[in-house]
Amino acid sequence: MNSTMESESNVATIHPASEPDYLPVAELRKLQLQRLQAVVTRAWQHVKLFRSRMDERGLSPEDVRSLDDIQKLPFTKKVDLRDTYPFGLIASPMEDVVRLHVSSGTTGKPIVVAYTKQDLDVWTSVAMRCLAGCGLHRGDIIQIAYGYGLFTGGLGAHYGAEALGATVVPASAGKADRQIMLMKDFGVTAMCCTPSYFLHLIECAESMGLDMKDLPIRAGIFGAEPWTDSMRKHIEKKSGIEAFDIYGLSEIIGPGVGCECRQHDGLHIFEDHFYPEVIDPETGETQPDGSEGELVLTTLNKQAMPMIRYRTRDITRILPGVCACGRTLRRIDRIGRRSDDMIIVRGINIFPSQVETALLAVEGTLPHYQIVLTREHGLDKMEVRVEVTAQMFTDKIGALQSLHDKLQGALDRVLGIRVRISLVEANTIERSEGKAKRVIDRRSL
Amino acid sequence: MKIHQISLFIENKPGHIAAPARLLAEAGVDIRALYLADTQQYGILLFIVSDWEKAEKTLEAHGYVVKVTDVLAIIVTDRPGGLADVLGALDGTGLNIEYMYAFSDVRGDEAILIFRFADTDAAIASLQAAGVKLMTSKELLKN
């Protein structure tokens with residue numbers, strides 16, 4: 001009894017929120033250049049780190065005369081956000097900053113992202129354009145099962161859905177039985193969550209004797225972790241919904257940097273706000289459209305925290321040609337892998353180096369360790385196996401238990417998610433060429 | 001008075017006790033006493049062996065993390081009240097016991113208690129002052 005997408009005529013009608021998606025290319029490029037010049041000027045005036053890097057290259061904002069001139073500008077990396085923690089990259093007076101979100105950095109230190117009122121408006125507008133592109137509108141009932149809080153997922157999707165005029169159910173993450181009850185009782189028509197969590201919901205519904213196909217839900221907007229087309233087919237077949245891939249990262253704005261339209265042929269980047277480039281991650285050279293490389297994004301009109309040429313570490317390519325949907329926005333391929341060792345567990349970014357930081361903090365030395373990722377009932381599980389070294393070992397079981405508790409506490413604090421810690425015998429973690437393999441990912445996508 | 005005890009970290013999985021025991025057997029080391037302190041996930045295997053240096057070397061050569069600790073052995077007459085007498089004497093000393101285990105000596109009418117104290121030297125002094133008989137490692141390991 002899945003309702004079809006309202007009426008077919010509605011699909012052809014452009015949702016008012018989506019109008020910028022169809023700007024004529026020449027106009028879009030002109031707008032991008034104006035905004036690029038303004039944001040570079042803003043960062044140059046207010047962000048010490050950016051200015052010093054420009055100075056090193058003998059550059060000033062006036063050197064940006066065309067969009068191609070972006071290639072001269074220095075990159076911004078995640079480590080820059082960590083090193084300037086908390087407010088070193090903020091380009092607005094603090095009293096203009098109305099929101100802070102926190103994401104994980106490459107070591108124990110988190111990174112902070114800041115928004116002015118206008119930044120939040122931009123975020124809301126792009127999140128709304130994502131949902132509109134997925135065929136959602138006023139009248140839809142949208143359940144948000146991303147975590148609400150410091151993580152950008154929940155609130156980002158929330159305000160977009162609200163601005164769209166939809167009815168929003170801010171369920172946040174977890175409590176699958178309740179999620180399904182809400183979906184059923186409220187007649188939820190669309191769900192925003194991670195794809196793995198939706199798989200879990202499908203299974204939970206089954207165990208409750210419910211077939212997702214019998215519920216009114218017709219669309220899922222899934223992101224915050226990589227997933228494949230085969231997972232999409234599986235979800236669509238099991239639940240009868242249409243599954244969309246949404247892309248975003250806190251450093252740029254949060255969810256809403258890009259999203260699939262109903263063609264499902266790549267993700268449109270909201271280029272009027274985020275300028276995409278693909279570079280060779282080794283050389284930093286810009287790649288032509290169609291070539292695979294690391295996605296680099298520049299926020300074209302962010303006030304509180306302009307990101308100039310931010311290296312996302314996500315590997316993709318800019319798809320050549322235009323989308324059948326008629327949007328002029330360029331598209332990227334779905335993200336399948338990264339150029340660093342970041343792993344995504346339940347939508348949370350985790351670096352093995354964070355685990356090292358926590359282990360070091362407890363023991364003062366770094367034992368061999370291994371991260372094992374599995375997926376149980378659609379939920380990611382992370383186990384950290386730690387070899388018991390001579391330095392850690394004691395003949396007293398109570399001391400080992402307290403070591404275990406200390407490791408648990410340190411990892412929970414640094415990672416922000418619950419992990420299972422296993423103390424294992426020395427020399428039992430397999431090593432290749434003398435080096436332990438740090439991450440074993442047994443999750444099937 | 002001090003007895004050298006060998007301790008090993010092991011995972012709580014099938015076969016993880018047998019493996020070190022087999023290694024010791026192959027090295028000709030006799031296991032006089034064995035005790036396991038464990039949780040659901042892992043455990044500590046404690047051994048008193050005929051040749052602790054050989055045992056340590058053998059196990060370390062096979063990748064085990066081995067710790068050698070000083071413990072004390074107390075003989076208890078194998079009769080009702082024998083244990084209570086010793087524990088009563090211990091109570092009076094105020095010594096801090098990390099852990100203990102017991103085994104009975106099949107050759108005689110005595111049971112042997114192994115104690116791991118927080119401060120072994122202080123324990124020796126207090127126990128001797130209280131008239132408790134401590135075994136030497138020679139006595140403990142005699143055939």
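Residues numbered from 1 in each chain as written. Chains lettered and ligands numbered in written order. Predicted model: local features only at pLDDT ≥ 70, side-chain atom pairs only at ≥ 80, totals over all residues.

### A word on the sheet that holds strand 5 (residues 97-104) of chain B
All names here are of chain B.
Then, number 1: Spatially, the six strands line up as an open sheet ordered 2-3-1-4-6-5, and their pairing is antiparallel. Looking at which strands have only one partner, the edges of the open sheet turn out to be strand 2 (31-38) and strand 5. Strand-to-strand twist in this sheet, taken as the mean axis angle between neighbours without regard to direction, amounts to 30°.
Then, number 2: Contacts from helix 4 (residues 120-129) reach strand 4 (66-77) and strand 6 (110-117) within the one sheet, and its direction differs from that of strand 4 by about 10°. (Pairing = 2+ DSSP bridges. Helix = DSSP H or I, 4+ residues; strand = E, 2+ residues; numbered from the N terminus. Axes fitted to C-alpha atoms, helices over the stretch in contact; angles between N-to-C directions. Contact = placed C-beta atoms within 7 Å.)

### With respect to the nonpolar core
Then, number 1: With 98 residues, the main nonpolar core has A:Leu131, A:Ile142, A:Ile144 and A:Ile221 as its most contacted residues.
Then, number 2: The dominant element in this core, judged by the number of residues it contributes, is helix 5 (residues 117-133) of chain A, at eight residues.
Then, number 3: Excluding anything up to four places from it in sequence, A:Ile144 contacts A:Gly154, A:Ala157, A:His158, A:Ala161, A:Val168, A:Val169, A:Pro170, A:Ala171 and A:Cys192.
Then, number 4: By size, the runner-up hydrophobic cluster in this structure holds 59 residues, among which are A:Tyr369, A:Leu415, B:Val29 and B:Leu72. (Core = buried A, V, L, I, M, F, W, Y, C linked by C-beta atoms within 7 Å. Buried ≥ 20, exposed ≤ 12 C-beta atoms within 10 Å, placed from the backbone.)

### Brief notes about the sheet that holds strand 19 (residues 420-424) of chain A
Paired through their backbone hydrogen bonds, the strands of a sheet run either parallel or antiparallel.
All names here are of chain A.
Then, number 1: Spatially, the four strands line up as an open sheet ordered 19-18-17-22, and their pairing is mixed. Because the sheet does not close on itself, it has two edges, and the strands there are strand 19 and strand 22 (439-441). Put simply, the sheet's adjacent strands are angled 20° from each other on average, direction ignored.
Then, number 2: As paired strands, strand 17 (residues 369-376) and strand 18 (residues 379-387) are joined by eight bridges and run antiparallel to one another. When the sheet's bridge partners are listed, Ile-371 is paired in strand 18 with Val-384.

### Let's talk about the environment of A:Phe222
Residues and elements named next belong to chain A.
Then, number 1: Its location among the elements puts Phe-222 in strand 6 (residues 219-222).
Then, number 2: Looking at Phe-222, the number of C-beta atoms within 10 Å reads 25, which means it is buried.
Then, number 3: Residue contacts for Phe-222: discarding those within four places in its chain leaves Cys-193, Thr-194, Pro-195, Phe-198, Trp-227, Ala-243, Phe-244, Asp-245 and Ile-246.

### With respect to the packing of helix 10 (residues 352-363) of chain A against helix 11 (residues 397-415) of chain A
All names here are of chain A.
Then, number 1: For the pair helix 10 and helix 11, interaxial distance at closest approach is 9 Å and the crossing angle is 140°. By the criterion of interaxial angle, the relationship of helix 10 to helix 11 is oblique. Note on packing geometry: the crossing formed by helix 10 with helix 11 is right-handed. Judged by residue contacts, Gln-354, Val-355, Thr-357, Ala-358, Leu-359, Ala-361 and Val-362 of helix 10 engage Lys-406, Leu-407, Ala-410, Leu-411, Val-414 and Leu-415 from helix 11. (Parallel < 35°, antiparallel > 145°, perpendicular 65-115°, else oblique. Left-handed = near helix turned anticlockwise from the far one by under 90°.)

### Re the domain arrangement of chain B
Residues and elements named next belong to chain B.
Then, number 1: Structurally, chain B comprises domain 1 (3-67) and domain 2 (70-141).
Then, number 2: The C-alpha centroid of domain 2 is placed 22 Å from the C-alpha centroid of domain 1.
Then, number 3: When residues of the side of domain 1 that touches domain 2 are traced back to their parent elements, those giving at least two are strand 1 (3-11) and strand 2.
Then, number 4: Element by element, the count of residues in the side of domain 1 that touches domain 2 is highest for strand 2, at four residues. (Domains from an automatic or database assignment.)

### Side note on unusual backbone geometry
Residue and element names in this part refer to chain A.
Then, number 1: A cis geometry characterises the amide bond from Tyr-85 onward to Pro-86, with omega recorded as 0°.
Then, number 2: Position of Pro-86 among the secondary structure elements: in the loop between helix 4 (78-83) and strand 1 (97-104).
Then, number 3: Phi at Lys-175 takes a positive value of approximately 55°, unusual for a residue other than glycine.

### Focus on the domain arrangement of chain A
Residues and elements named next belong to chain A.
Then, number 1: If you check the domain split of chain A, you get domain 1 (8-339) and domain 2 (345-441).
Then, number 2: Taking only C-alpha atoms, the centre of domain 1 and the centre of domain 2 are 32 Å apart.
Then, number 3: Each side of the interface is counted separately: domain 1 has 16 residues, and domain 2 has 17 residues.
Then, number 4: Contributions of two or more residues to the side of domain 1 that touches domain 2 are made by strand 1 and helix 8 (195-207).
Then, number 5: In terms of residue class, the side of domain 1 that touches domain 2 is built from four nonpolar, ten polar and two charged. (Nonpolar A, V, L, I, M, F, W, Y, C, P; charged D, E, K, R; others polar.)

### Overview of the pairing of strand 1 of chain B
Residues and elements named next belong to chain B.
Then, number 1: Buried residues dominate strand 1, accounting for seven of its nine residues.
Then, number 2: Sheet topology places strand 1 next to strand 4; six bridges connect them, and they run antiparallel. Along strand 4, the bridge assignment pairs Ser-7 with Lys-67.
Then, number 3: By the bridge criterion, six bridges tie strand 1 to strand 3 (residues 42-49) in an arrangement that is antiparallel. Looking at strand 3, one finds that Glu-11 is bridged to Tyr-42.

### Regarding the interface of chain A and chain B
Then, number 1: Listed per partner, the contact involves 16 residues of chain A and 18 residues of chain B.
Then, number 2: When contributions to the side of chain A that touches chain B are tallied by element, the ones reaching two or more residues are helix 11 and strand 19 of chain A.
Then, number 3: When the residues that make up the side of chain A that touches chain B are grouped by side-chain class, the tally is eight nonpolar, five polar and three charged.

### Let's talk about the pairing of strand 2 of chain B
Then, number 1: As defined by bridge partners, strand 2 of chain B adjoins strand 3 of chain B across seven bridges and the pair is classed as antiparallel. Bridging from a neighbouring strand, B:Leu34 pairs with B:Phe47 of strand 3 of chain B.

### Overview of the confidence of the model for chain A
Then, number 1: Across chain A, the average pLDDT comes to 90, with 94% of residues at 70 or higher.
Then, number 2: Under a pLDDT of 50 for its full length, residues 3-11 of chain A has, in the predicted model, eight contacts with residues more than four places off or in other chains. (pLDDT = per-residue confidence, 0-100.)

### Things to note about the packing of helix 1 (residues 18-26) of chain B against helix 2 (residues 52-61) of chain B
Packed helix pairs are characterised by how far apart their axes lie and by the angle those axes make with each other.
All names here are of chain B.
Then, number 1: Packing of helix 1 against helix 2 leaves a shortest axis separation of 10 Å and a crossing angle of 125°. Taken together, the axis directions place helix 1 and helix 2 in an arrangement best described as oblique. At the point where helix 1 passes helix 2, the crossing takes the right-handed sense. Taken together, the residues of helix 2 that come into contact with helix 1 (itself represented by Pro-20, Leu-23 and Leu-24) are Ala-55, Thr-58 and Leu-59.
Then, number 2: Here the residues of the contact of helix 1 with helix 2 sort into five nonpolar, one polar and no charged.

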